[in-house]
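# Structural description and commentary
Now for the letters of each chain:
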Amino acid sequence: MTSSTDAPITRASVGLRSERGPVLLAVMLSTGLVAIDATILAAAVPAVVDDLGGLTQFPWLFSVYLLAQAVSMPVYGKLSDLVGRKRIMLVGVGLFVVGSLLCGVAWSMGSLIAFRALQGLGAGAVQPVGMTILGDIYSVAERAKVQGYVASVWAASSLVGPTLGGIFADYLSWRWIFLVNLPLGAVATWMLWTRFTESRAPRDPGAARPRIDVAGSVLLTLGTVALLVALLEGGVVWAWSSRASIGLLAGAAVLLAAFVLVEHRAAEPVLPLWVFRHRVVGAAMALSFVVGVLLLGLTSYVPLFSQGVLGTGAIVAGFVLAAMTIGWPVAATTAGRVYLRFGFRATVLLGSVVSVVGAALLLTVDGSSSPLHLAVPNFVMGLGFGWVASPSIVAAQAAVGWQERGVATSATLFARSIGSAVGVAAFGALANSVVRGRLGHEPESLESLPPGVLEPAIEAVFVLSFAIALTLLLASVLMPKRVEEVVEEPVSEDAPTT
């Protein structure tokens, strides 16, 4: 292998200038598309509604994206194990870019929602497969350094996203929120296509050609969609006791039960049931699930408390929440050194303790607090999440071989998505219950409530957050003290410039 640089570059080197640097940069660019998209749209919602209408439909701009991303993750993870990472990653980036282009030319709220779903399908491949690629080409020790590069993408996006969204909405057009993805996606696609050469892990020549688990994929997708829609809309669009909620939850139970039966017989199950029994992957999924529950509780109610109770503007509320999204990558950057020295269990225990401390600090916030007082607990909890989530994924990837790494990675991220939906449902049900007890009737919306009613409702959410943070400590104990890395021959490398 040769390089155009004068200085010799060894495979042991880590960084953007190493021989694997172009692949790392391509993954960072691809991840950046998803990361920025997670925050850039929120600031432009009023401009979108003014142009397209559909005020009652706009929450689906976020919900449909979450749904599409969540349900597609396990499918992409399995496909990446069967046909290779590069193909699936290119499909994901391509879908995201095409979806962005269509969002940029959307003619109605309905069409914009549909194209957001297409974006979500692309994001469902980019995040897990990108992380799987890094798990393939870097050892556990090297990933301790690589995490800093990927974490910097999320940190920058949490600050750049809302700012860009506001600038585009105020001075150009909200459509540029989506169109800006086109050149970034083009660069990421070119770098993946030209600089990432993947060698599949060898299969037994006499083995049958891998079969796609179509039945399992369909059942998992339909069951997950039914479950997520029930959790996201229950108690909001319809009552929990309504026929819609009961029908969706019952349908989800039937579909997922059928999925389990199908997976027992499938030759190549899309989400193998062994992931739930695997000590390391199962522990990583449990930790990721709890982080997802807490994450959506903060994301949904901290800005609402800032604006509705403390009386701040939307920009200040955004920066209060950004404290968490800054703390997370800061911790993720340092997590590698911690788990290399003390192990994965010690690292996730540290993160869990820090998360509990942050949740306890959140209990000290009330209507007389300053925005800074509200931001500090969010930053501390972000630190805790960074020391839990990132090491969990690295541990899950290290504990399996190449042909299971895509499934292990996507299953861990899938668990976080399901946890997020459960968090929305649990916190929403609690907040609505408190409000209903004070008003004597069902609230039309939490956003329109006076501070005297809204404050105790969200403070109840903060109490529940503290209780759930304690469960993170229990989940941390599930992680084995020692995680043996499955060492294989290198299966992926970037194509050098000659």
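These figures come from a predicted structure and were not determined experimentally.

### What to know about the confidence of the model for the chain
Chain-level statistics for the chain give a pLDDT mean of 82 and a share of 88% at 70 or above. Here strand β2 (residues 492-494) stands out as the least confident element of the chain, with mean pLDDT 39; helix α14 (residues 344-362) is the most confident, with 95. Confidence drops under pLDDT 50 across residues 1-11; counting only partners more than four residues distant or on other chains, this segment forms 21 contacts. Confidence over residues 490-498 falls short of pLDDT 50; this stretch has 39 contacts with residues more than four positions distant or in other chains.

### A closer look at the environment of I458
One can find I458 in helix α17 (residues 451-477). You can call I458 buried: its relative accessible area is 1%. Through-space distance from the C-alpha of I458 to that of G428 is 9.5 Å; in sequence the pair is 30 residues apart.

### Some words on the pattern of salt bridges
One pass over the structure, following the stated rule, counts four salt bridges. Residue D81 is joined to R85 by a salt bridge in which the shortest nitrogen-to-oxygen separation is 2.6 Å. The exposure class assigned to D81 is buried, which follows from its relative accessible area of 0%. Since its relative accessible area comes to 0%, R85 is described here as buried. Counted as one network, the salt bridges with shared partners bring together D81, R85, D136 and R405.

### Considering the packing of aromatic side chains
Counted by the stated rule, this structure contains five aromatic pairs. With 6.3 Å between their ring centres and 90° between their planes, W174 and F178 make a pair best called edge-to-face. Per residue, the accessibility class of W174 equals that of F178, and both read buried. Seen from the ring of W402, R85 lies directly overhead, with NZ or CZ sitting 3.9 Å from the centre. The lysine or arginine in question, K86, covers the ring of W193, its NZ or CZ lying 5.7 Å from the ring centre.

### Considerations on the side chain of Q127
Relative to the assigned elements, Q127 resides in helix α5 (residues 109-137). Once residues within four sequence positions are removed from consideration, Q127 is found in contact with Q69, M73, W154, L413 and R416.

### Comments concerning a nonpolar patch on the surface
On the surface, V353, V357, L361, L372 and V376 cluster together to form a nonpolar patch covering roughly 410 Å² of accessible area. Elements that contribute at least two residues to the nonpolar patch include exactly α14 and α15 (371-398). If you tally residues by element for the nonpolar patch, the top one is α14, at three residues. By the element assignment, L372 lies in helix α15.

### Some details on the nonpolar core
Grouped burial of nonpolar side chains is what soluble globular proteins tend to show. Ranked by internal contacts, the top residues of the largest apolar core, which has 58 residues, are L294, F305, F344, L374, F385 and M479. Elements that contribute at least two residues to this core include exactly α6 (140-171), α12 (279-308), α13 (314-342), α14, α15, α16 (402-439) and α17. At 14 residues, the largest contribution of residues to this core is made by α12. If we skip the residues at most four places from it in the chain, L374 touches V302, F305, S306, L310, V320, L362, V365 and F462. In terms of nonpolar packing, the next biggest core, distinct from the first, is built from 30 residues, A26, A35, M89 and V129 among them.

The rules behind each value
- Residues numbered from 1 in each chain as written.
- Predicted model: local features only at pLDDT ≥ 70, side-chain atom pairs only at ≥ 80, totals over all residues.
- Heavy atoms only, no water.
- pLDDT = per-residue confidence, 0-100.
- Helix = DSSP H or I, 4+ residues; strand = E, 2+ residues; numbered from the N terminus.
- Contact = heavy atoms within 4.5 Å.
- Buried < 20%, exposed > 50% of the residue type's maximum accessible area, 1.4 Å probe, protein only.
- Salt bridge = Lys/Arg side-chain N within 4 Å of Asp/Glu carboxyl O.
- Phe/Tyr/Trp six-rings, centres within 6.5 Å; stacked < 30°, edge-to-face > 60°.
- Lys NZ or Arg CZ within 6 Å of the ring centre and 35° of its normal.
- Patch = residues over 30% accessible without salt bridge, like charges linked within 9 Å, V, L, I, M, F, W, Y side chains within 5 Å.
- Areas by Shrake-Rupley, 256 points an atom, 1.4 Å probe, with all protein chains shown as cover.
- Core = buried A, V, L, I, M, F, W, Y, C linked by side-chain atoms within 4.5 Å.

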